[in-house]
Amino acid sequence: MGSSTFERLKPAGYTTASILLSAGGWLNGFDTGSIGAVTVMPQFVEVMGPQPPTIIGLTISMILFGGALSSPFAGQLANKYGHPRIITAGAAAFALGSVLQASASSLGQFIAGRLVAGLAEGIYLGLLNVYVCEIAPSKSRGTLASMLQLATAAGLPCGYFTCYGTVRISDSLAWRAPFIMSTIVAVMLTGSCFYVPLSPRWLVANGRRDEAARSIARLGIQAAEAEKDILSFRDEDVQKRLGFLRSIGLIFSKPYRVRTVLALFILGMVQLCGIRDGVLFYAPLLFAQSGLSKSSASFLASGLSAILIVLISIPAMFLADRIGRRASVLAGGVLLTTTMLIVGTLYAAEVVTPEGAARWVVVVSIFLFALSYSATWAMVGKIYASEIQPGSTRGVSNSVAQGLNFLTNAFVALITPILLDHSAYGAYFLFAGLSMFTTIVLGLYMPETKGQPLETIQEVFSRPLQLHGARSMERGGMRRREHIGMELSVLG
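Residues numbered from 1 in each chain as written. Predicted model: local features only at pLDDT ≥ 70, side-chain atom pairs only at ≥ 80, totals over all residues. Heavy atoms only, no water.

Asker: Any chance you could break down the overall build of the chain for me, citing the residues and the numbers?
Answerer: On a plain count of helices and strands, the chain comes out with 25 helices and zero strands. Counting only residues that meet the buried cut, the chain has 56% of its 492 residues in that class. When contacts within the chain are restricted to residue pairs at least 6 apart in sequence, long-range pairs at least 24 apart make up 83% of them. For the chain, the exposed area adds up to about 20600 Å²; of that, 69% sits on carbon and sulfur atoms. (Helix = DSSP H or I, 4+ residues; strand = E, 2+ residues; numbered from the N terminus. Buried < 20%, exposed > 50% of the residue type's maximum accessible area, 1.4 Å probe, protein only. Contact = heavy atoms within 4.5 Å. Areas by Shrake-Rupley, 256 points an atom, 1.4 Å probe, with all protein chains shown as cover.)

Asker: Describe the environment of Gly332, and please don't skip the residues or the numbers.
Answerer: Inspection of the secondary structure assignment puts Gly332 in helix H19 (residues 325–348). Each C-alpha atom of the pair Gly332 and Trp377 lies 6.5 Å from the other, and the pair is 45 residues apart in sequence. Beyond its immediate stretch of four places on either side in the chain, Gly332 contacts Thr376 and Trp377.

Asker: Report on a nonpolar patch on the surface, specifying residues and quantitative values.
Answerer: On the surface, Leu341, Tyr425, Phe429, Met436, Ile440, Leu444 and Tyr445 cluster together to form a nonpolar patch covering roughly 570 Å² of accessible area. Considering every element that reaches the nonpolar patch, the biggest residue donor is helix H23 (residues 426–445), with five residues. Assignment of secondary structure puts Leu341 in helix H19. Residue class for Leu341 comes out partly exposed when judged on its relative accessible area of 34%. (Patch = residues over 30% accessible without salt bridge, like charges linked within 9 Å, V, L, I, M, F, W, Y side chains within 5 Å. Salt bridge = Lys/Arg side-chain N within 4 Å of Asp/Glu carboxyl O.)

Asker: Any chance you could break down the packing of aromatic side chains for me, citing the residues and the numbers?
Answerer: All chains considered together, the criterion is met by twelve aromatic pairs. Their ring planes at 65° and their centres at 5.1 Å tell us that Phe44 and Phe110 sit as a pair that is edge-to-face. Remark: Phe110 occurs in helix H7 (residues 107–135) and Phe44 occurs in helix H4 (residues 42–48); sequence separation between them is 66 residues. Take Phe44: its relative accessible area is 2%, and that puts it in the buried class. Considering the side-chain rings of Tyr347 and Tyr428, the 5.6 Å spacing of their centres and the 10° angle between planes classify their relative orientation as stacked. Residue Tyr347 is located in helix H19, and its partner Tyr428 is located in helix H23; the two are separated by 81 residues in the primary sequence. Accessibility classification places Tyr347 together with Tyr428 in one group, the buried group. The rings of Phe44, Phe110, Trp175 and Phe179 are connected pair by pair, giving a single aromatic cluster. Positioned above the aromatic ring of Tyr164, the side-chain terminus of Arg168 is 4.8 Å from the ring centre. (Phe/Tyr/Trp six-rings, centres within 6.5 Å; stacked < 30°, edge-to-face > 60°. Lys NZ or Arg CZ within 6 Å of the ring centre and 35° of its normal.)

Asker: Run through the side chain of Thr376, naming residues and quoting values.
Answerer: Along the chain, Thr376 falls in the loop between helix H20 (358–375) and helix H21 (377–387). When residues no more than four places from it in sequence are discounted, the contact partners of Thr376 are Ser328 and Gly332.

Asker: For the side chain of Gln389, give the residues involved together with the corresponding values.
Answerer: Here Gln389 shows up in the loop between H21 and helix H22 (394–422). A relative accessible area of 0% places Gln389 in the buried class. Ignoring any residue separated from it by four or fewer positions in sequence, one finds Gln389 in contact with Arg259, Thr260, Ala263, Arg394, Ser397 and Gln458.

Asker: If you had to explain the pattern of salt bridges to someone new, which residues and values would you point to?
Answerer: Under the defined criterion, the tally for this structure stands at six salt bridges. For Arg394, the salt bridge goes to Glu134, with nearest N and O atoms at 2.8 Å. With Arg394 in helix H22 and Glu134 in helix H7, this residue pair connects regions lying 260 residues apart in the sequence. For the salt bridge of Glu387 with Arg141, the shortest nitrogen-to-oxygen distance reads 2.7 Å. Here Glu387, found in helix H21, pairs with Arg141, found in helix H8 (residues 141–166); they are 246 residues apart in sequence, far enough to count as distant.

Asker: Any chance you could break down the packing of H8 against H21 for me, citing the residues and the numbers?
Answerer: It is at 9 Å that the axes of H8 and H21 come closest, and there the two elements cross at 125°. Judged on the interaxial angle alone, H21 and H8 are oblique. For the element pair H8 and H21, the recorded crossing hand is right-handed. Counted together, Arg141, Gly142, Ala145, Ser146, Gln149 and Leu150 of H8 and Ala378, Met379, Ile383 and Glu387 of H21 form the full contact between these two elements. Broken down by class, the residue content of the contact of H8 with H21 amounts to five nonpolar, three polar and two charged. (Axes fitted to C-alpha atoms, helices over the stretch in contact; angles between N-to-C directions. Parallel < 35°, antiparallel > 145°, perpendicular 65-115°, else oblique. Left-handed = near helix turned anticlockwise from the far one by under 90°. Nonpolar A, V, L, I, M, F, W, Y, C, P; charged D, E, K, R; others polar.)

Asker: Describe unusual backbone geometry, and please don't skip the residues or the numbers.
Answerer: Non-glycine residue Glu350 carries a positive phi angle of around 55°. Mapped onto the secondary structure, Glu350 falls in the loop between H19 and H20.

Asker: An account of helix H14 (residues 257–272) is requested, with residue identities and associated values reported.
Answerer: An α-helical segment advances 3.6 residues per turn. Residues three or four places apart therefore align on the same side. Compared with an ideal rise of 1.5 Å per residue, which puts 16 residues at 22 Å, H14 spans 22 Å between its outermost C-alpha atoms and is within 8% of the ideal. Where burial is concerned, most of H14 is hidden: twelve out of the 16 residues are buried. For H14, the set of buried residues is Arg259, Thr260, Leu262, Ala263, Leu264, Phe265, Ile266, Leu267, Gly268, Met269, Val270 and Gln271. (Expected span 1.5 Å × (residues − 1).)

Asker: Please set out the packing of helix H3 (residues 23–40) against helix H9 (residues 173–193) residue by residue, giving values where relevant.
Answerer: As a packed pair, H3 and H9 sit with axes 10 Å apart at the nearest point and diverge in direction by 170°. By the angle class used here, H3 and H9 are roughly antiparallel. Across the interface between the two elements, Ala23, Gly24, Trp26, Leu27, Phe30, Asp31, Ser34, Ile35 and Val38 of H3 pack against Trp175, Pro178, Phe179, Met181, Ser182, Val185, Ala186 and Leu189 of H9. Grouping the constituent residues of the contact of H3 with H9 by class yields 13 nonpolar, three polar and one charged.

Here you go:
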């Protein structure tokens with residue numbers, strides 16, 4: 001009986017694999033939550049020397065530039081060697097980058113460590129979403145893939161509160177400790193990848209059906225779903241052995257162009273709308289600009305906001321397969337646009353003062369912006385970019401889109417302080433306009449993918465480009481007319 005109970009409580013293999021790989025998302029969030037605090041620690045300045053803001057900004061952003069450089073190559077490597085193997089290499093490289101940062105005695109070594117860590121993130125981060133989407137059952141794909149974003153959100157407060165605790169250490173261990181923690185977690189992720197089996201979809205696409213069957217059994221995927229979806233062979237799922245430039249050419253060829261552009265648009269625009277580095281990283285500046293004291297602004301921005309983002313991400317993860325991708329994107333877009341318009345309008349009207357009530361409207365609006373993004377666009381973006389691609393282009397297309405995500409992330413990090421310095425309201429109106437534009441485009445051209453097998457999703461994109469928003473409204477109108485007609489026939 002005990003053994004039987006254990007078997008019932010034991011999570012399926014695909015759930016265990018998703019949990020183990022979510023450590024990669026945690027590493028990303030932990031670095032975001034800690035690096036800003038590390039660079040202002042007196043112990044760090046004592047070792048590295050005082051640096052101008054430009055150098056500090058470059059130091060912080062170097063991990064993003066590294067990710068943008070390596071990410072486009074990750075998909076092709078995964079197509080050749082399999083996702084877990086490339087994720088293993090990326091996790092090991094991230095551990096190396098963390099060691100270089102933790103042991104740095106000069107700013108040059110520290111920046112080099114951040115570059116190595118960025119190159120590593122570019123290799124593994126995008127592939128995590130692709131792999132989880134490929135192994136997850138259709139009915140729970142959104143929830144399992146969202147686990148990566150939840151782990152990223154959890155890493156934010158962990159990074160902040162680690163620095164909050166270690167800053168009391170008198171020597172350089174104060175700022176080295178976070179990177180020691182990153183090294184430990186990266187090593188654990190590297191080891192976990194040896195437990196994770198190759199994607200059965202990847203094995204089928206490479207003609208290794210017997211190994212795919214064993215992988216399906218290890219992952220605990222139901223036989224009926226495996227036979228219907230994973231083991232069914234489709235021409236566009238065949239892995240093509242192409243060079244880098246030809247692989248890039250393939251994802252932009254006519255059969256795949258719409259899906260690639262849509263993935264690029266989603267992962268690029270969610271960063272251009274200002275969330276991670278425009279709002280999260282510069283939140284202390286935004287709150288201080290509204291009139292709060294420096295200490296209050298720092299706590300609200302780095303501590304409280306990080307905790308709230310985790311709390312809002314938990315229900316968002318479990319609701320990912322209930323609400324749907326379109327509804328989440330549209331609702332999130334309306335909230336993001338509205339909050340930025342409110343803040344921009346208040347600053348343009350010059351009513352935000354250190355004593356006035358308007359400052360609290362600004363603070364609440366910035367919180368709502370960050371929380372709305374974390375519950376909607378952050379959850380949906382990377383999932384959707386992965387699941388709309390066929391097997392032959394999924395890895396390459398998603399990796400290129402992830403590279404654009406890194407690049408736009410770094411761009412926003414660089415321009416946000418410049419915009420805020422030149423205009424108190426310009427940045428907010430810019431982010432509002434970009435959010436509105438993104439919401440309109442996705443509302444028109446983004447088909448729903450919730451609960452559908454990856455193979456079925458591709459059938460939508462095999463047809464000519466359609467206005468999915470208009471089609472949804474048309475179907476709703478047809479259902480209402482049919483309902484009214486039935487009621488009239490009964491009355492008649």
